[in-house]
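Chain residues, written in single-letter form:
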Amino acid sequence: METLVSDVKQELPTDSMAVLTADPMIPEPFRVVQRKPETEDTFTLVLERAQSDRPFEFQPGQFNMLYVFGVGEVPISISGDPAQPQRLVHTIRAVGTVTRAMQKLRKGAIVGVRGPFGRGWPVLEAQQQDVVIVAGGIGLAPLRPALYHILRHRDAYGRVVLLYGARTPEDILYIKELEKWRGRFDMEVKVTVDRALGDWHGHVGVVTQLIPKTSFDPQNAIAMICGPEIMMRFTIYELQRSGMPNDRIYVSMERNMKCAIGFCGHCQYGPKFICKDGPVFRYTEIENLFGIREI
Amino acid sequence: MSKKKDASPQTVTLPSNDLSRLFQVLQSRGYTILGPTVRDGAIVYDELDSPDDLPRGWTDEQEKGRYRLKKSGYGTYFSFAVGPHSWKQYLYPPRVRLWQMHKNGTGFELNAQNGPLKKYAFLGVRSCELHAIEILDRVLLQNGFEDPTYKARRKEALIIVVQCTAPASTCFCASMQTGPKAERGFDLAMTEVADGERHYFVLQSGSDAGREIVQELACAAATAEEIAAAEQAVKAAAERMGRTLDTHGLQAALYANREHPHWREVGERCLNCTNCTQVCPTCFCTTVEDITDLTGATAERWRRWDSCFTMEFSYLHGGSVRSSAGARYRQWLTHKLASWVDQFGAFGCVGCGRCIAWCPVGIDITEEARIMCAETVNQ
Amino acid sequence: MENLDVVLKKHPFFEGMSEEHIRFIAGCAANEVYKNGDYLFRDGESADKFYFIRHGHVALELHAPERGVLTIQTLGEGDVLGWSWLIPPYKWHFDARAMTLTRVLALDGKCLRKKCETDYQLGYELMKRIAHIMEERLHATRLQLLDMYGVHA
């Protein structure tokens, strides 16, 4: 290298990152306009900018760092409609200190937002192809923006399939929307739960079992998977069995994250930084890491 | 911040007795001088007032899990290898406040940021350390985002190299092609020469700022003999490296051997003390702490050095992804010598040997890398 | 009416099986229809049928006094139901309830067992296919057991 620091040009991973403030570690205040319970431990926060009405542009599959004043910050995927950038929507599961504090926020409360970060779902590459979306548990939340996008541009895609697995019927997210989507003639929606009592009339079984019962052209389809890593692993096996090549499969990965901009080192997955190289990866990018323990 | 190579570098000779003049020139230009000094039985970096603060007459003995100072018997100022400190602590401080905010009626507002930085001159930067700084540049400035803390400090720092003439037995910068001679990227480079009765420094400017300092010192131009003697001193250092690491095929071999049983064996020895990551001049991992004052009206975020050797580092949904010590050692070593190359186009190791000397159980990165690469395990 | 051997031949379960064997098995088959809420069989009853679901959905259920009805799994069109006819003491271990109007092809288990005892090749072909289904179900059960979507803090 001729100079220690040659032109330090900020290369932005995605267009939407151009809206970031000068210091990417400083959260911007957003106001809670709605807090909606989804399940017993999961809720949706609808936010808007507190100090301006600039739209919040993002790509389906990207995430934000959400900050509760004085408590802490956590990465949360965006689950709203990219075509409605005035409303920033996150579906959050209350499992830790910060997310439990978020669950208690009232309308009008302020949260800090940094983002959007990362690389999202391949909604452009998937055009003219069948789209198979496989979600498990809260994994439906980061996939919902992709669904909104695909359904808004429905003609650009082939068959659209949503397979969703939840723990019990009570744990199903976005149930009204799922019902609405199931009523459409231009998409196939299958929902299954791992366990149910007798008053449940839907499928019982793991989400992977729905794949062989679904019609799509594996050679001409893109699969987008999000859920616990075990669920994704077995979904990949099942898609492979259906004849889908690995380079048509996309997964959303998760690791501990502190900065979201590739500085803190926590989210490393082999050579990848989940925060900026992902969270969505083409399976072929990470298949050599996927089965390795404690990587 | 860009250290443009000096278009007309000046090479002069500074008699060792005049070293205090360099201090005076730097101080008159507003620099706070940071450099090596003896403290707590080690050579550490701290603020220096005069050459008297330098470790004159001291040298070090380093081995696996061992660091000792001893009298060299000579009057040289810089006859030692790197100690537990690195320049990272000034450029990317162990604990730094990222911001402070206070609540107001409609939300929260940013309070004034930290005051102006001191203008630092880093005196005694070795080639391996200069390369480590270059690696941090890649991580913190050329990675899609810029870290403002690092950027500001990096921009202000005047870099004065002292070429290495006394490598330790733990050193392997020659293998990593990061030394012992610093070729560029400095403001000023000095080589200490003590042959017989003469004791002097050959000074070379590497930037406009460096040339101005050289000009102000008004020393005599270095003679061909003096330059040759300085060259020879550094060249001899290259031949006295205590260790080697064959980097050929290293990345591929480490990737292929992620399931090597030896990771577990190292894991059994490793105490997870995090020493190696703290002394490493390139380890950049950090975590954040969010705090509030007692009233809850003011909140701060602090960033502090973290280590991939802790369980919390990979915490995810109630568990640790890397729960075994072997997996954590694999992460560290594979990051340094393999995935770093994918991420930043260079190894994350400069061969300074600090992690070898400061490991309480004497785990040696060169040895472990050799074992991991000796055979490719059938998967 | 479509010949039952043609129906069977189209089913993936019989893929690669000889015409002769399929014809024979078809001889053990009969069409059955269940209304929503009807039970195909109940826990403890003697297991003497092997079902192929042609249409509709079936819930496999267990009843626990303190928890009520628990659905273990649901099966639908194209799925195979029941292997207890092959394994002594030939008793069902759960209830199978039609969740909708359900049409099945029911093979006579005794008839199949008898034939398998004399024609080992047929027995092996059937066992291979049933083992495959068992493996799939066991695998799915393991995943269900993992409680993948639960909080494991």
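The coordinates are above.
Residues numbered from 1 in each chain as written. Chains lettered and ligands numbered in written order. Predicted model: local features only at pLDDT ≥ 70, side-chain atom pairs only at ≥ 80, totals over all residues. Heavy atoms only, no water.

## So, the overall build of chain B
(1) Moving on: Check the secondary structure of chain B and you find 13 helices and 16 strands.
(2) Moving on: Along the longest, intermediate and shortest principal axes, the C-alpha atoms of chain B span 65 × 65 × 40 Å.
(3) Moving on: Out of the 379 residues in chain B, the part that is buried amounts to 58%.
(4) Moving on: Within chain B, contacts between residues separated by at least 24 positions form 73% of all contacts whose residues are at least 6 apart in sequence. (Helix = DSSP H or I, 4+ residues; strand = E, 2+ residues; numbered from the N terminus. Buried < 20%, exposed > 50% of the residue type's maximum accessible area, 1.4 Å probe, protein only. Contact = heavy atoms within 4.5 Å.)

## Remarks on the environment of Ala357 of chain B
Residues and elements named next belong to chain B.
(1) Moving on: Relative to the helices and strands, Ala357 is located in helix H12 (residues 354-357).
(2) Moving on: You can call Ala357 buried: its relative accessible area is 4%.
(3) Moving on: As for Ala357 and Thr170, which are separated by 187 residues in sequence, their C-alpha atoms are 6.8 Å apart.

## Topic: the interface of chain A and chain B
(1) Moving on: Counting residues at the interface gives 53 residues for chain A and 66 residues for chain B.
(2) Moving on: Interface area, chain A with chain B, both sides summed: about 5,000 Å², of which 58% is carbon and sulfur.
(3) Moving on: In this assembly, chain A and chain B are joined by one salt bridge.
(4) Moving on: In this structure, Arg301 of chain B and Glu73 of chain A form a salt bridge, with 3.1 Å as the shortest nitrogen-oxygen distance.
(5) Moving on: Linking chain A to chain B there are 20 residue pairs in polar contact (both at pLDDT 80 or more).
(6) Moving on: Elements represented by at least two residues in the side of chain A that touches chain B include exactly strand E1 (28-37), strand E4 (72-77), strand E6 (110-117), strand E15 (272-273) and helix H6 (283-290) of chain A.
(7) Moving on: In terms of residues, the side of chain A that touches chain B owes the most to one element, E6 of chain A, which gives five residues.
(8) Moving on: Its residues assigned to classes, the side of chain A that touches chain B shows 26 nonpolar, 14 polar and 13 charged. (Buried area = accessible area lost by both parts, 1.4 Å probe. Salt bridge = Lys/Arg side-chain N within 4 Å of Asp/Glu carboxyl O. Polar contact = N/O pair within 3.5 Å; in protein donor to acceptor, adjacent residues only side chain to side chain. Nonpolar A, V, L, I, M, F, W, Y, C, P; charged D, E, K, R; others polar.)

## Some words on the pairing of strand E8 (residues 120-125) of chain B
Residue and element names in this part refer to chain B.
(1) Moving on: With six of six residues buried, E8 lies mostly within the body of the structure.
(2) Moving on: Bridge count between strand E2 (residues 32-39) and E8: three bridges; the pairing is parallel. Within the sheet, the bridge partner assigned to Ile33 lies in E8 and is Ala121.
(3) Moving on: Taken together, the four bridges between E8 and strand E9 (residues 158-162) define a ladder with parallel strand orientation. Note that in E9 the partner of Val125 across the bridge is Val161. (Pairing = 2+ DSSP bridges.)

## Brief notes about helix H9 (residues 262-269) of chain B
For the α-helix, the turn length of 3.6 residues means that residues three or four positions removed from each other point alike.
Residues and elements named next belong to chain B.
(1) Moving on: Every buried residue belonging to H9 is among His262, Trp263, Val266 and Gly267, and all of these are buried. Here the buried residues of H9 occupy an arc of 150° about the axis, which is enough to place them on one side. Exposed residues pointing more than 90 degrees away from the buried face of H9 are listed as Arg264 and Glu268.
(2) Moving on: Lining the buried residues of H9 we find helix H8 (250-256), helix H11 (325-344) and helix H13 (365-374). (Arc of directions from axis to C-beta.)

## Comments concerning the packing of aromatic side chains
Residues and elements named next belong to chain B.
(1) Moving on: Scanning the entire structure with this criterion turns up 38 aromatic pairs over all chains.
(2) Moving on: Between Tyr329 and Trp332 the ring centres are 5.8 Å apart and the planes differ by 50°, which places this aromatic pair in the tilted class. Taken as a pair, Tyr329 and Trp332 lie in helix H11 at a separation of three residues, close to a single helical turn. No difference in accessibility class separates Tyr329 from Trp332, as the two residues are buried.
(3) Moving on: Cluster of aromatic residues (ring-pair linked, three or more members): Tyr45, Trp87, Tyr90, Tyr120 and Phe122.
(4) Moving on: The ring of Trp305 carries Lys88 above its face, with NZ or CZ at 4.3 Å from the centroid.
(5) Moving on: Over the face of the ring belonging to Phe80 we find Arg126, whose NZ or CZ atom lies 5.2 Å from the ring centre. (Phe/Tyr/Trp six-rings, centres within 6.5 Å; stacked < 30°, edge-to-face > 60°. Lys NZ or Arg CZ within 6 Å of the ring centre and 35° of its normal.)

## Focus: the pairing of strand E7 (residues 95-98) of chain C
Residues and elements named next belong to chain C.
(1) Moving on: Where burial is concerned, the two faces of E7 agree: the one with Asp95 and Arg97 and the one with Ala96 and Ala98 are both buried.
(2) Moving on: Relative to E7, strand E2 (residues 39-41) runs antiparallel, the two sharing two bridges. Within E7, the position partnered with Tyr39 by the bridge is Arg97.
(3) Moving on: Alignment of strand E4 (residues 58-64) against E7, held across four bridges, turns out to be antiparallel. Counted as the bridge partner of Ala59 is Arg97 from E7.

## Thoughts on the sheet that holds E4 of chain A
Residue and element names in this part refer to chain A.
(1) Moving on: The six strands are arranged E4-E3-E6-E1-E2-E5 in an open sheet whose pairing can be described as antiparallel. Looking at which strands have only one partner, the edges of the open sheet turn out to be E4 and strand E5 (88-93). Strand-to-strand, the axes of this sheet are offset by a mean angle of 40°, without reference to chain direction.
(2) Moving on: Here E1 runs beside E6; their pairing, made up of four bridges, is antiparallel. Across the sheet, the residue bridging to Glu28 is Val113, located in E6. (Axes fitted to C-alpha atoms, helices over the stretch in contact; angles between N-to-C directions.)

## Structural notes on the pattern of salt bridges
(1) Moving on: Under the defined criterion, the tally for this structure stands at 47 salt bridges over all chains.
(2) Moving on: Here Glu238 of chain A and Arg241 of chain A are joined by a salt bridge, their closest N and O atoms 3.4 Å apart. Pair noted here: Glu238 of chain A and Arg241 of chain A are both in helix H4 (residues 229-241), with a separation of three residues, about one helical turn.
(3) Moving on: Ionic contacts of the salt-bridge type, sharing partners, join the residues Glu73 and Arg114 of chain A together with Asp290 and Arg301 of chain B into one network.

## A closer look at the sheet that holds strand E6 (residues 95-103) of chain B
Residues and elements named next belong to chain B.
(1) Moving on: Strand order in this open sheet of four strands is E7-E6-E14-E13, and the pairing throughout is antiparallel. Two strands close off the open sheet at either side, each with one partner strand: strand E7 (108-110) and strand E13 (286-292). The mean inter-strand angle of the sheet, taken between neighbouring strand axes irrespective of direction, is 25°.
(2) Moving on: Two strands pair when backbone bridges link them, and E6 and E7 are joined in this way by three bridges, in the antiparallel orientation. Of the residues in E7, the one forming a bridge with His102 is Glu109.

## Some remarks on the state of the cysteines
(1) Moving on: Scanning the model with the defined rule gives one disulfide over all chains in all.
(2) Moving on: A disulfide bridge connects Cys28 of chain C with Cys111 of chain C, and the sulfur atoms are separated by 2.0 Å. Negative torsions about the S-S bond denote left-handed disulfides, and the value of about -50° found for Cys28 of chain C with Cys111 of chain C makes this one left-handed. Residue Cys28 of chain C is found in the loop between helix H2 (19-27) and strand E1 (29-34), and its partner Cys111 of chain C is found in helix H3 (residues 109-118); the two are separated by 83 residues along the sequence.
(3) Moving on: A relative accessible area of 26% means that Cys111 of chain C is categorised as partly exposed.
(4) Moving on: Distance from the sulfur of Cys128 of chain B, which forms no disulfide, to the nearest cysteine sulfur (Cys352 of chain B) is 5.5 Å. (Disulfide = S-S within 2.5 Å.)

## A word on the environment of Val104 of chain C
Residues and elements named next belong to chain C.
(1) Moving on: Residue position: Val104 is located in strand E8 (residues 102-108).
(2) Moving on: Residue Val104 is classed as buried on the basis of its relative accessible area of 0%.
(3) Moving on: It is 9.9 Å that separates the C-alpha atoms of Val104 and Asp79, two residues lying 25 residues apart in sequence.
(4) Moving on: Val104 has contacts with Ala30, Asn31, Glu32, Tyr34, Leu40, Tyr51, Phe52, Ile53 and Arg54, leaving out every residue within four places of it along the chain.

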